[in-house]
Amino acid sequence: MDFFDQGLFEQTLVEPINILPNDGEVNYHGEIMPLSESDFYFKALLNEIYWRCDQAVIFGKYIETKRKVAWYADYPFSYTYSNITKHALPWSKHLLRLKLLVEQQTGETYNSCLLNLYHNGEEGMAWHSDGEADLKENGAIASLTFGATRKFAFKHKQNKDVVSLMLKAGSLLVMKGVTQKYWLHRLPPTKKVQDARINLTFRTITS
């Protein structure tokens, strides 16, 4: 099911829409700020964030990605995924403003943020779930997009149903409940996009 083909999300939504048909809750809030503001934050984050290439250990082999990441939080939490442990940095002033904005929009609270920098459309993310033991069980994960518009997709782990939509600059998507248990998600690569995208995923760490 491709929501972006149906013209449903051309403007800010009065109420968020759950795009999943079952077994979870993914609320799309639309664009929560004007393009001029999202452009401001894109440039600020690009310059002030301590970006580093992502790392992973897969089948015993160390891998470093072109995609860059950063990890910020209330405290210097450690966070482990793909067999690599990261330690959080203190919030920047712009990240803290965005955290408060997202909390107001979603009615949730978050204590950390994992950021991804995709230099162009050829950089993406494979199918996965955010089910790490460090995360709050069934907690909300709020995804805020800046820069290039990119397709984002979900696939049910059992019946293989696929739901996708286009995430524009300034748009907010919130995964919560049992979504991570039943659904995978990914950012598929594409040669059609030449511009960079920054994605912020606000989370709650419990350990």
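### Considering the overall build of the chain
Helix and strand counts for the chain come out as three helices and 15 strands. Since a compact globule built from 207 residues should have a radius of gyration of about 17 Å, the 16 Å found for the chain is in line with a globular shape. Summarising its shape, the C-alpha atoms of the chain cover approximately 40 × 40 × 35 Å along the three principal directions. Residues classed as buried in the chain amount to 49% of the 207 residues present. In the chain, 72% of the contacts between residues at least 6 apart in sequence involve partners at least 24 apart. Carbon and sulfur atoms make up 51% of the accessible area of the chain, which amounts to about 10,400 Å² in all. The chain carries 24 positive and 23 negative side-chain charges, and their two centres are separated by 6 Å.

### Observations regarding the pairing of strand β11 (residues 150–156)
Within β11, five of the seven residues are buried, which leaves the element mostly enclosed by the surrounding structure. In the sheet, β11 pairs with strand β12 (residues 162–167) via six bridges, with the strands oriented antiparallel. Counted as the bridge partner of Lys 151 is Met 166 from β12. Between the antiparallel neighbours β11 and β12 lie five residues, among them Lys 160 with a positive phi of about 65 degrees. Here β11 runs beside strand β14 (residues 183–187); their pairing, made up of four bridges, is antiparallel. Across the sheet, the residue bridging to Ala 153 is Arg 186, located in β14.

### As for the packing of aromatic side chains
What the rule picks out here adds up to six aromatic pairs. Ring geometry for Phe 40 versus Tyr 41: centroids 5.3 Å apart, planes at 75 degrees, classification edge-to-face. The class of Phe 40 is partly exposed, set by a relative accessible area of 44%. Residue Tyr 41 is classed as buried on the basis of its relative accessible area of 8%. Relative to Phe 202, the ring of Trp 91 lies with its centre 6.4 Å away and its plane at 25 degrees, an arrangement referred to as stacked. Taken together, the positions of Trp 91 in the loop between β7 (89–90) and α2 (93–106) and Phe 202 in strand β15 (residues 197–203) put the pair 111 residues apart, joining distant regions of the chain. By relative accessible area, Trp 91 is classed as buried at 17%. For Phe 202, a relative accessible area of 0% translates into the label buried. The structure contains a cluster of three or more aromatic residues connected by ring pairs, namely Phe 40, Tyr 41 and Phe 146. Sitting over the ring of Tyr 50, Arg 52 keeps its end group 3.9 Å from the ring centre.

### Section: the confidence of the model for the chain
Regions with low pLDDT carry predicted coordinates that are not meant to be interpreted in detail. Within the chain, residue pLDDT values average 91, and 90% of them lie at 70 or more. Across residues 4–10, confidence stays below pLDDT 50; counting only partners more than four residues off in sequence or on other chains, it has 15 contacts.

### Overview of the environment of Leu 165
Along the chain, Leu 165 turns up in strand β12. Using a relative accessible area of 0% as the deciding quantity, one classes Leu 165 as buried. With 137 residues separating them along the chain, Leu 165 and Tyr 28 place their C-alpha atoms 9.6 Å apart.

### A short note on the nonpolar core
Buried together is how nonpolar side chains tend to be arranged in soluble globular proteins. Membership of the largest hydrophobic core comes to 27 residues, with the highest contact counts inside it found for Leu 95, Leu 98, Leu 115, Phe 146, Leu 200 and Phe 202. When residues in this core are grouped by element, the largest group, four residues, is from α2. Beyond its immediate stretch of four places on either side in the chain, Leu 200 contacts Leu 45, Leu 95, Leu 98, Cys 113, Leu 114, Leu 115, Ala 142, Ser 143, Leu 144 and Phe 146. One finds Tyr 79, Leu 167, Trp 183 and Ile 205 within the second-largest nonpolar core, a separate group that totals 24 residues.

### Concerning the packing of helix α1 (residues 35–48) against α2
Two elements in contact, α1 and α2, have axes separated by 10 Å at closest approach and are oriented at 135 degrees. It follows that α1 is oblique to α2 by the angle criterion. Where α1 crosses over α2, the handedness of that crossing is left-handed. Contacts between α1 and α2 involve Phe 40, Tyr 41, Ala 44, Leu 45 and Glu 48 from the former and His 94, Leu 95, Arg 97 and Leu 98 from the latter.

Conventions used here
Residues numbered from 1 in each chain as written. Predicted model: local features only at pLDDT ≥ 70, side-chain atom pairs only at ≥ 80, totals over all residues. Heavy atoms only, no water. Helix = DSSP H or I, 4+ residues; strand = E, 2+ residues; numbered from the N terminus. Rg over C-alpha atoms; globule rule 2.2 N^0.38 Å. Buried < 20%, exposed > 50% of the residue type's maximum accessible area, 1.4 Å probe, protein only. Contact = heavy atoms within 4.5 Å. Areas by Shrake-Rupley, 256 points an atom, 1.4 Å probe, with all protein chains shown as cover. Lys, Arg positive; Asp, Glu negative; His and termini not counted. Charge placed at Lys NZ, Arg CZ, Asp CG, Glu CD. Pairing = 2+ DSSP bridges. Phe/Tyr/Trp six-rings, centres within 6.5 Å; stacked < 30°, edge-to-face > 60°. Lys NZ or Arg CZ within 6 Å of the ring centre and 35° of its normal. pLDDT = per-residue confidence, 0-100. Core = buried A, V, L, I, M, F, W, Y, C linked by side-chain atoms within 4.5 Å. Axes fitted to C-alpha atoms, helices over the stretch in contact; angles between N-to-C directions. Parallel < 35°, antiparallel > 145°, perpendicular 65-115°, else oblique. Left-handed = near helix turned anticlockwise from the far one by under 90°.

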